[in-house]
Amino acid sequence: MTTPHITFYDIASAAPVRTFAPNPWKTRLALNYKGVDYETVFVPLMDVEKVRRDLDVPPCRLYPDGSSFYTLPIIRDHHHQIIKGDSFDIALYLDDKYPHLPRLIPPSSISIHAAFNQFVDTVFTRSGVSHLFKMPLDATTIQVFQKKMMDKFNIPWGMVTTAEQEKKDVETFKSNLNDLANVFRCRDEGPFLEGACLSYADLIVGGWLMMIEETFSKWDEMRGWHGGLWGRLSDALDKYKEIN
Ligand SMILES: N[C@@H](CCC(=O)N[C@@H](CS)C(=O)NCC(=O)O)C(=O)O
């Protein structure tokens, strides 16, 4: 067996182990779209810091208190001896080093893609609805994760709410998405942001949709929100969702 070109470090869910976190999903969709040869190393959430330190990749995020937040995805390219540790940098890197494979980001839209990435992350992380998403983590890991979200981000993840409150929160989440849905409506024909033409922008949104499909009990309903935009986009990305 030959060594794959790239090792992709992803966050492990509980068994059966699969991808669930949005930023690693962005990278997996990108690797599959490019068609690069890669293998996945699934890292338990509690080992992310150790793996990142061992690979000598500096943190690319900070907690609100200014301390380092160690994250995935990371890719290690054995062919070029390069390691990248941020999903957007990874997309740029793949286009740079593998220009003969389908392009993720048109060269003239790198900055606008960077801004769109931030915009989409903000839309999906607007506060007040995080408890709607049930992370597929084992009992010990989920406790550590929820404590960290509370201590570091002041986000009460995993709290129990009444059915009535949950209904309101689902409505809030839906309206949080209006701004993003309106951007997609600039090209009504879909399924992608730019109509028939896929770009990394779609994989950014797709990364979040994949997390939601895994964790949100109302995903089937959400597929039909905003004129069916989310379901259509997710279906159009089906061929890039393989976990290998
Ligand atoms: N800007 C980074 C953000 C990566 C990030 O936030 N990753 C999250 C998963 S989506 C993570 O690794 N979290 C680790 C943790 O919660 O301990 C990127 O785009 O790669």
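Conventions and cut-offs
- Residues numbered from 1 in each chain as written.
- Predicted model: local features only at pLDDT ≥ 70, side-chain atom pairs only at ≥ 80, totals over all residues.
- Heavy atoms only, no water.
- Helix = DSSP H or I, 4+ residues; strand = E, 2+ residues; numbered from the N terminus.
- Rg over C-alpha atoms; globule rule 2.2 N^0.38 Å.
- Buried < 20%, exposed > 50% of the residue type's maximum accessible area, 1.4 Å probe, protein only.
- Contact = heavy atoms within 4.5 Å.
- Areas by Shrake-Rupley, 256 points an atom, 1.4 Å probe, with all protein chains shown as cover.
- Lys, Arg positive; Asp, Glu negative; His and termini not counted.
- Charge placed at Lys NZ, Arg CZ, Asp CG, Glu CD.
- Pairing = 2+ DSSP bridges.
- Right-handed = clockwise from strand over helix to strand, strands pointing away.
- Near = heavy atom within 4 Å.
- Polar contact = N/O pair within 3.5 Å; in protein donor to acceptor, adjacent residues only side chain to side chain.
- Nonpolar A, V, L, I, M, F, W, Y, C, P; charged D, E, K, R; others polar.
- Axes fitted to C-alpha atoms, helices over the stretch in contact; angles between N-to-C directions.

### Topic: the overall build of the protein
Of the regular secondary structure elements, the protein holds ten helices and six strands. The C-alpha atoms of the protein give a radius of gyration of 18 Å, which matches the 18 Å a tight globule of 244 residues would have. In the protein, which comprises 244 residues, the share counted as buried stands at 49%. Here the analysis covers contacts within the protein between residues at least 6 apart in sequence; of these, 67% occur between residues at least 24 apart. Approximately 11,900 Å² of the protein is accessible, and the part contributed by carbon and sulfur atoms is 53%. Side-chain charges in the protein split into 27 positive and 32 negative, and the spacing between the mean points of these groups amounts to 2 Å.

### A look at the pairing of strand β1 (residues 6-11)
Most of β1 sits inside the fold, with six of its six residues counted as buried. Along β1, one buried face is formed by I6, F8 and D10 and the opposite face, lined by T7, Y9 and I11, is buried too. Taken together, the six bridges between β1 and strand β2 (residues 38-43) define a ladder with parallel strand orientation. Bridging across to β2, F8 finds its partner in T40. A crossover links β1 with its parallel partner β2, the connecting element being helix α1 (residues 22-34), and its sense is right-handed. Both β1 and strand β5 (residues 74-77) contribute to a ladder of four bridges, which runs antiparallel. Note on β5: the bridge partner recorded for F8 is I75.

### Here we look at the site of the ligand
With respect to spatial proximity, 16 residues lie near the ligand, and among them R61, L72, D86, S87 and K148 are the closest. Measuring from an oxygen atom of the ligand, one finds a side-chain N or O atom of R61 at 2.6 Å. With respect to the ligand, the side chain of S87 contributes an N or O atom lying 2.5 Å from an oxygen atom. Look at the ligand: alone it shows 510 Å² of surface, and the protein chains cover 88% of it. The element best represented in the shell around the ligand is α1, accounting for three residues. Of the residues in the shell around the ligand, the class split is ten nonpolar, three polar and three charged.

### Some words on the environment of V170
Residue placement: V170 occurs in helix α6 (residues 163-176). By relative accessible area, V170 is classed as buried at 5%. Sequence-wise, V170 and F216 are 46 residues apart; in three dimensions their C-alpha atoms are separated by 9.8 Å. Among all residues touching V170, those that are not within four sequence positions of it are L132, F216, K218, E221 and W225.

### A look at the sheet that holds strand β6 (residues 82-84)
Taking strand neighbours across the sheet as the criterion, the four strands line up as β2-β1-β5-β6 in an open arrangement whose pairing is mixed. This sheet does not close on itself; its edge strands, each paired only once, are β2 and β6. Taking each pair of neighbouring strands and ignoring which way they run, the sheet shows an average axis angle of 20 degrees. Judged from the three bridges that link them, β5 and β6 form a sheet pairing that is antiparallel. Across the sheet, residue D77 finds its bridge partner in β6, namely I82.

That is the geometry; function is a separate question.
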